[in-house]
Amino acid sequence: MFFYWLLFLIPAFFALVANSRLPSNNAGYHSTNLNPLWWVIIFILTFIIGLRHEVGGDWANYIFMLEKLAVRPASEAFSLMSDPGYNLLSYISLKLGWGIYGVNLFCGLIFSIGLSVFCRNSPRPLLALAVAIPYLVIVVAMGYSRQGVALGIAMLGLVALTREKRLKFIVMICIATTLHKSAFLLLPIAVLASTRNRFLIFLSFSLLVGLVYSLFLSTAYETLIENYIDSQYASQGAFIRLLMNAFPASIFLIWRHRFNFNKYEEPLWVIFSYLSLSLFFLLYLTDASTALDRIGLYMLPIQLVVFSRLPEIFKTSGYINQWIVIGILTYYSLVLFIWLNYATHAELWLPYKNFAFIS
C-alpha cells in the first residue's frame, strides 16, 4: 500500500510547488514536447506498469489469453474476431521470450507516452499527472491492460483533435480499436466536435464507421451484448466511478466560459461533459452498469482537463490558486485511500510486486 501512496505523493508534491504554464503560442496551445523530466516519468511509469507481477484484477485472464495465443497458428492469432493489435503485441512478446511482462511493457510504454502528452497539453501538467495516478494509472493501466493502452492512444488522438487534426484523431482511434474494440465508441466525437464542413465530415466518417465496424466489431457484437448488457452483470463501484467523471463535467459546464478554451477545444470537452453526465444518469435507467462503467473509462480525460485548469479559472491571487490545488490533491488522496481500503477487488493490487525484484 505504501508503494501506491509514494507513486501519488511524489507528483502531488511537485504539482503543489509548480507554477501554471502560459500557452506557447497565440492559438492558446500548450507545448506538448516531452522534455527530459517527462521522459524520466515515462520510463518510471512503464517500469511500474510493465513489470508488475500478479497485480491487477485481470492478471489471470491475461495469462490465460497469452497461453492460448502461444499454441495457435499465426493465422488464428491475428483473427479479426479478437483484438488484433493486442494480439500482435502478445505475439511479438512471445517470440522474444518475454511472456506477459513483454506485453505489459509495450502497453505500459504506449499508455505512458499518451498520458504524458495529454498532461503536457495543460497549464499544470504535473497536477494532471497527480490526478491521473489514483484511478487512471493504478486501476486502469495496471488492471485493464487492453483498455489502458487503447486509452493511451486515444489521449494522443484527443490532443490532435484539440488542434483540429481530425484525420490524426480518427487514425488514432482506429488503432486503439484494434487493441480494445470499445475504443470505437470515441469515433463519433470527430463529427460532434466539428465546427465546419459538417456534411463532408459526417459522410466520410459514416463510411469509415461502416468499414471499421465490419472489420472489427460485427463478429463480436453478440458477445459484447451478452457480456455487458444481457447478463445484467452489475459492475461494483460503477456509481462512484461515473460520479468521479460527472463531478468535473458539472464544474466545466457551469463555468465553461472561464476555462478560455479555443474554438476547437471547447466543443470537445462540452461533449465529454454531457456524455459523462449521461452515463451517470443512465445508471438509474438501466441494469447494464458494466457497459456504462467500461464506456466511462474513456471519459476519464475530463478529470485531467478540468482539474488541471481549475486553479486558474477564477483569476484570483496565487495564494487562492494554491489552496485550490491543495483541495484537488486532497480530494484525490481521499480517492486513493478509499479505493485501497474499501474497494471490493483492491486486494488484487496488494501488495505491489515487480518482476525485477522477485528472486
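Because the structure is a prediction, the values reported are computed rather than measured. (Residues numbered from 1 in each chain as written. Predicted model: local features only at pLDDT ≥ 70, side-chain atom pairs only at ≥ 80, totals over all residues. Heavy atoms only, no water.)

### Regarding the nonpolar core
- With 111 residues, the main nonpolar core has Leu115, Leu136 and Trp269 as its most contacted residues.
- Looking at this core, the element that brings in the most residues is helix H7 (residues 125-143), giving 16 residues.
- Once you skip the residues sitting within four places of it in the chain, Trp269 turns out to touch Phe118, Leu158, Thr162, Phe252, Phe261, Pro301, Ile302 and Val305. (Core = buried A, V, L, I, M, F, W, Y, C linked by side-chain atoms within 4.5 Å. Buried < 20%, exposed > 50% of the residue type's maximum accessible area, 1.4 Å probe, protein only. Helix = DSSP H or I, 4+ residues; strand = E, 2+ residues; numbered from the N terminus. Contact = heavy atoms within 4.5 Å.)

### Observations regarding the pattern of salt bridges
- In this structure the tally under the stated criterion is seven salt bridges.
- Across the pair Glu54 and Lys353 runs a salt bridge whose closest N-O atoms are separated by 3.1 Å. Here Glu54 is found in the loop between helix H2 (36-50) and helix H3 (59-70), whereas its partner Lys353 is found in the segment after helix H17 (318-342), with 299 residues between them in sequence.
- The class of Glu54 is partly exposed, set by a relative accessible area of 42%.
- When its relative accessible area of 30% is taken as the criterion, Lys353 is described as partly exposed.
- For Arg166, the salt bridge goes to Glu164, with nearest N and O atoms at 3.7 Å.
- Through salt bridges that share partners, Asp83, Arg146 and Lys181 make up one connected network. (Salt bridge = Lys/Arg side-chain N within 4 Å of Asp/Glu carboxyl O.)

### Details of the environment of Leu187
- Mapped onto the fold, Leu187 is located in the loop between helix H9 (166-179) and helix H10 (189-192).
- Through-space distance from the C-alpha of Leu187 to that of Phe169 is 8.4 Å; in sequence the pair is 18 residues apart.

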